[in-house]
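Chain by chain, the residues:
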Amino acid sequence: MCKVSFLSVLVLIAIVLSTIVLPRNICAVRENLVVALYTDRAMLSEAAQKATPEGRVSNCEASNAIAAPITSEPITDWQWLEDPVYGYAIEFPDGGWEAEVTVEQPIPFTNPEAILKRYTFVGPEGLIDLDIWLANGKEFGQWLEWYSKTRNQLPGTSPNATVTGYPAMIFVEDGVTVDMLTAFWGDGRYVFRLWYTITRNENGLQAFWHMLETFAYSSDTGMVGNTQIPESLKEDSREAMKNSEMTSPLIEHCCGYYSPTNPFPCCSDRGNCTWWVYYQYGGVPFRGDAGTWWGQVPNYPNWNRKAPPPPIGKRSIAAYVTGHPVFPHGHVSYANSYLGGGSVMVSYMGWCVNCGTTRTISVYEPTGYIFLKREPTTVHPETP
């Protein structure tokens, strides 16, 4: 922990004042002051959060993440996807959109409490995931309570809508770097989630609501139609869209690195920790803010998490949950290998603060470590 001198206090005051009197140049001014004050770059992310209301660097001019809204004609062409295994179909945009199975458990299931199958839909206007879990004998409200206790806390467990006549809960997950639009619904046997990474694009929202409203079961499986969504929920999603930090569902370039399928935002030329970890791993199934990744792990059958220290001989993700004393808004960094001992070297980007750095940390600093149960045959990575 570095000592704070009288000069340091003046510099911090200057940082705060810069956010008030320099509305178009605060990124450059704030960053220069923060770098001058914090010689330990590990503290840059925390410093930037303290210098910006709510930790969101909304005035930064980003090359491909924070920009003017994309305007285009509403989507008029649609195509059907039908899943014969689980007996449902859903309509998603035609023309530039693709659907791919990105998570799938073999039958019999290796983990009946994890996602059984995920379709990821990607197009010019958005990225939307459709997940399915077993209800495991729980009523919908009970399942939501179980999810809140074992994964990430949900805003409630009472239905506020219906999908195909079954109870649903729809809400916006507010984040620091990205917001998520979430719809859970359950039919007694399965629980579904339609999960949208919100971009500043009206057609992305149109795609999400259209997909939710056209979700249907096969005739021999259950009810068809009868989806009711309060207008207030759609209004919440429109507000989140207006404030989104993303204009594209895939941010291919960040700080000179190239990751063609990366669904995380990049703040100008100053990076993002989630973008960096996705790039290093060559893909992860997690979505949303870094502070939620730890809670998401049990959803994915091929991933595991553990308390410190990290697993020996494996690549891992050092994860900090929201509310952590070092990174209050959450954080993730990449550990290429760990051979034992009390410290581990990690690399990371800081949201709107730095483009990549490495440092050695105590293995007990993060909340814990996330890692693949089985490594792929080829490993990507390049540390800064």
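Cut-offs and rules
Residues numbered from 1 in each chain as written. Predicted model: local features only at pLDDT ≥ 70, side-chain atom pairs only at ≥ 80, totals over all residues. Heavy atoms only, no water. Helix = DSSP H or I, 4+ residues; strand = E, 2+ residues; numbered from the N terminus. Polar contact = N/O pair within 3.5 Å; in protein donor to acceptor, adjacent residues only side chain to side chain. Core = buried A, V, L, I, M, F, W, Y, C linked by side-chain atoms within 4.5 Å. Buried < 20%, exposed > 50% of the residue type's maximum accessible area, 1.4 Å probe, protein only. Pairing = 2+ DSSP bridges. Contact = heavy atoms within 4.5 Å. Axes fitted to C-alpha atoms, helices over the stretch in contact; angles between N-to-C directions. Expected span 1.5 Å × (residues − 1). Arc of directions from axis to C-beta. Salt bridge = Lys/Arg side-chain N within 4 Å of Asp/Glu carboxyl O. Disulfide = S-S within 2.5 Å.

Draft legend 1. Molecular detail of the side chain of R315. Within the element layout of this structure, R315 appears in the loop between β13 (303–306) and β14 (316–320). Polar side-chain contacts of R315 include one of 3.1 Å to the side chain of E375.

Draft legend 2. Spatial organisation of the nonpolar core. Ranked by size, the top nonpolar core spans 47 residues in total, and within it F184, W303 and I317 carry the most contacts. With 7 residues, the top contributor of residues to this core is helix α7 (residues 273–281). One finds A183, L205, W209 and M211 within the second-largest nonpolar core, a separate group that totals 41 residues.

Draft legend 3. A look at the pairing of strand β18 (residues 368–372). Of all 5 residues in β18, 5 are buried, a share of seventy percent or more. By the bridge criterion, 3 bridges tie β14 to β18 in an arrangement that is antiparallel. Across the sheet, residue A319 finds its bridge partner in β18, namely G368.

Draft legend 4. Region of interest: the sheet that holds strand β1 (residues 78–83). Read from one edge of the open sheet, 3 strands run β1-β2-β10, paired in antiparallel fashion. The open sheet is flanked by β1 and β10 (216–217), the only strands paired with a single partner. The pairing of β1 with strand β2 (residues 88–93) spans 6 bridges and is classified as antiparallel. Of the residues in β2, the one forming a bridge with E82 is A89. The sheet contacts of helix α5 (residues 202–214) involve β1, β2 and β10, and relative to β2 the element is tilted by about 155°.

Draft legend 5. Summary view of helix α6 (residues 231–242). Between its terminal C-alpha atoms α6 stretches 17 Å, which fits the 16 Å expected from 12 residues at 1.5 Å a residue. For α6, the complete set of buried residues consists of L233, K234, S237, A240 and M241. Here the buried residues of α6 occupy an arc of 115° about the axis, which is enough to place them on one side. Buried residues in α6 make contact with β6 (161–163), β7 (166–173), β8 (180–186) and α5.

Draft legend 6. Representation of the pattern of salt bridges within the structure. For the coordinates displayed, the defined rule picks out 12 salt bridges. Of the charged contacts in the structure, one is a salt bridge between E231 and R238, with a shortest N-O distance of 2.5 Å. What makes E231 partly exposed here is its relative accessible area of 48%. The salt bridge partner of E375 is R315, with a shortest N-O separation of 3.1 Å. Taken together, the residues span a long stretch of sequence, with E375 in the segment after β18 and R315 in the loop between β13 and β14 at a distance of 60 residues.

Draft legend 7. Expanded view of the state of the cysteines. The final tally for this structure, using the stated rule, is 3 disulfides. Here C255 is linked by a disulfide to C355, with a sulfur-sulfur distance of 2.0 Å. On the sign convention where negative is left-handed, the bridge of C255 and C355, at about -75° about the S-S bond, is left-handed. Here C355 lies in strand β17 (residues 354–362) and C255 lies in the loop between β11 (253–254) and β12 (257–258), a separation of 100 residues in the sequence. Owing to a relative accessible area of 23%, C355 belongs among the partly exposed residues under this scheme. One disulfide in the model links C267 with C352; its S-S distance is 2.1 Å. Of this pair, C267 sits in the loop between β12 and α7 while C352 sits in the loop between β16 (343–350) and β17, and the two are 85 residues apart along the sequence. Assessed through its relative accessible area of 8%, C352 is described here as buried.

Geometric values such as these leave the question of function open.
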